[in-house]
Amino acid sequence: MTKRDPFRPVDAAARTLARQLIDNATFAALAVLEGGQPTVTRIALATTPEGAPLSLISDLSSHTRALDQNPACALLVGEPEDRGDPLTHPRLTLQATAQFIRHGGAEHPALRTHYLTQRPKAKLYIDFGDFRLVQFDVHTALLNGGFGKAFKLSPHDLLP
């Protein structure tokens, strides 16, 4: 018995849906390896001017320490609506590498300003010394657009 490839060819509708899921997300589930074991947490999510996922996380959190040791991670965006089977609602897994942007770095001021336009409440803590911006450089995206609608997208497919 031969297994069929579960992924459909990527089309404009899949690219648009994936982009909408990223752009509309205010938070994401972040998966990291901590001490060799997988763990998941929720983080605030925004995007860079180029459309890459961007967050602000504290050095005090275990997931930040895990990313310092191993920047490989995954983000899940897309929440089910109040009605219907949650598995029929679209969601997107982004397999990525975390890239930290430290205070005082050349790109920090512009990203800080951009982040605050999307998440203004973060103004309360964005300048705390233990908070860092983190950009997620996506390698692969797995889009589940609903039953029987699976797509494997490249970083190029995710461009705004």
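Reading the values: the criteria
- Residues numbered from 1 in each chain as written.
- Predicted model: local features only at pLDDT ≥ 70, side-chain atom pairs only at ≥ 80, totals over all residues.
- Heavy atoms only, no water.
- Core = buried A, V, L, I, M, F, W, Y, C linked by side-chain atoms within 4.5 Å.
- Buried < 20%, exposed > 50% of the residue type's maximum accessible area, 1.4 Å probe, protein only.
- Helix = DSSP H or I, 4+ residues; strand = E, 2+ residues; numbered from the N terminus.
- Contact = heavy atoms within 4.5 Å.
- Pairing = 2+ DSSP bridges.
- Patch = residues over 30% accessible without salt bridge, like charges linked within 9 Å, V, L, I, M, F, W, Y side chains within 5 Å.
- Areas by Shrake-Rupley, 256 points an atom, 1.4 Å probe, with all protein chains shown as cover.
- Salt bridge = Lys/Arg side-chain N within 4 Å of Asp/Glu carboxyl O.
- Arc of directions from axis to C-beta.

Chemist: Please explain the nonpolar core as it appears in this structure.
Modeler: Most often, soluble globular proteins keep nonpolar side chains buried together rather than apart. Within the largest apolar cluster, 29 residues are counted, with the highest numbers of intra-cluster contacts made by Leu92 and Phe136. Secondary structure elements with two or more residues in this core: α1 (12–24), β2 (27–34), α2 (62–69), β6 (72–77), β7 (91–101), β8 (131–144) and β9 (150–153). Ala46, Leu56, Leu111 and Ile126 belong to the second largest nonpolar core, which has 11 residues in total.

Chemist: Got a minute to help me understand the side chain of Thr64 in this structure?
Modeler: Mapped onto the fold, Thr64 is located in helix α2. Beyond its immediate sequence surroundings of up to four residues, Thr64 is in contact with Ile57, Ser58, Asp59, Phe100 and Arg132.

Chemist: Just checking my understanding: could you explain the pairing of β7 for this structure?
Modeler: Note on strand geometry: in a regular strand, side chains alternate between the two faces of the sheet. Bridging between β6 and β7 involves 6 bridges; their strand directions are antiparallel. Paired with Ala74 across the bridge in β7 is Gln95. Here β7 runs beside β8; their pairing, made up of 11 bridges, is antiparallel. For Thr93, the partnering residue across the bridge sits in β8 and is Leu142.

Chemist: How do you make sense of a nonpolar patch on the surface when you look at a structure like this?
Modeler: On the surface, Leu124, Tyr125 and Phe128 cluster together into a nonpolar patch covering about 330 Å² of accessible area. Residue position: Phe128 is located in the loop between α3 (108–118) and β8.

Chemist: Would you take a moment to explain α3 for this structure?
Modeler: Owing to its 3.6 residues per turn, the α-helix aligns residues three or four sequence positions apart on the same side. Looking at α3, one finds that the buried residues are His108, Leu111, Tyr115 and Leu116. One side of α3 holds all its buried residues, which, seen down the axis, span an arc of 135°. Turned more than 90 degrees away from the buried face of α3 sit Ala110 and Thr117, all of them exposed. Each element contacted by the buried residues of α3 is listed here: β3 (37–44), β4 (46–47), β5 (53–58), β7 and β8.

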